[in-house]
Amino acid sequence: MRARPPETDAETSLRLSRIPQSNTGPELIVRQLLHALGHRFRLKNRDLPGSPDIANRARRWAVFVHGCFWHAHEGCSRSSVPKRNRAFWKQKFAENRARDQRAEEELLGAGWAVVTIWECELYSLAGVSEVTHRLDAIVGDAR
Ligand SMILES: [Zn+2]
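Residues numbered from 1 in each chain as written. Predicted model: local features only at pLDDT ≥ 70, side-chain atom pairs only at ≥ 80, totals over all residues. Heavy atoms only, no water.

Enquirer: Account for the packing of aromatic side chains, naming residues and giving values.
Expert: Scanning the model with the defined rule gives six aromatic pairs in all. Measuring from ring centre to ring centre gives 5.2 Å for Phe-88 and Trp-89, while their planes differ by 90°; the resulting arrangement is edge-to-face. Take Trp-89: its relative accessible area is 1%, and that puts it in the buried class. Linked through ring pairs, Phe-69, Trp-70, Phe-88, Trp-89 and Phe-93 together constitute an aromatic cluster. (Phe/Tyr/Trp six-rings, centres within 6.5 Å; stacked < 30°, edge-to-face > 60°. Buried < 20%, exposed > 50% of the residue type's maximum accessible area, 1.4 Å probe, protein only.)

Structure follows, in structure tokens:
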């Protein structure tokens with residue numbers, strides 16, 4: 001489960017309450033895109049490094065759909081550090097980023113194709129189109 005600091009300011013609580021825990025909109029969109037591209041996959045791959053949200057073992061590709069807040073998307077307006085408990089959040093985000101990077105490196109090292117998609121990329125039609133091309137190029141190539 002996700003750790004939370006002992007105290008959270010109202011703004012942060014509100015933001016956290018709006019973050020869906022699973023089966024989120026962004027992940028659902030990516031699944032639909034992959035289906036439309038004709039790919040089959042499995043969800044919640046807990047036996048793989050970083051538990052990729054979506055993966056195909058036979059084709060050896062994995063897709064991460066990252067929430068910008070929890071995974072501290074650099075330069076993204078959705079990933080600001082909450083004002084309260086700043087040290088706690090900064091450390092948490094640094095850990096999350098390091099974990100994400102390790103997982104990707106492990107997968108790549110084992111010969112997997114990896115696609116990382118940020119939720120903010122899916123909030124515009126142009127973004128969805130770009131993500132579709134990226135999936136098609138990387139996942140399609142892994143066949
Ligand atoms: Zn973002």
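Enquirer: Describe in detail the pairing of strand β3 (residues 61-66), supporting the description with residues and values.
Expert: Taken residue by residue, a regular strand's side chains alternate between the two faces of the sheet. Of all six residues in β3, six are buried; the element is thus mostly enclosed. Across the two faces of β3 the burial is the same, with Trp-61, Val-63 and Val-65 and Ala-62, Phe-64 and His-66 all buried. The antiparallel hairpin formed by strand β2 (residues 54-56) and β3 contains four residues in its connecting segment, where Arg-60 sits at a positive phi of about 55°. Pairing analysis gives six bridges linking β3 to strand β4 (residues 113-118), with the strands arranged parallel. When the sheet's bridge partners are listed, Val-65 is paired in β4 with Ile-117. Handedness of the crossover is the feature at issue here: the chain leaves β3, passes through helix α3 (residues 86-109), returns alongside β4, and the resulting connection is right-handed. (Helix = DSSP H or I, 4+ residues; strand = E, 2+ residues; numbered from the N terminus. Pairing = 2+ DSSP bridges. Right-handed = clockwise from strand over helix to strand, strands pointing away.)

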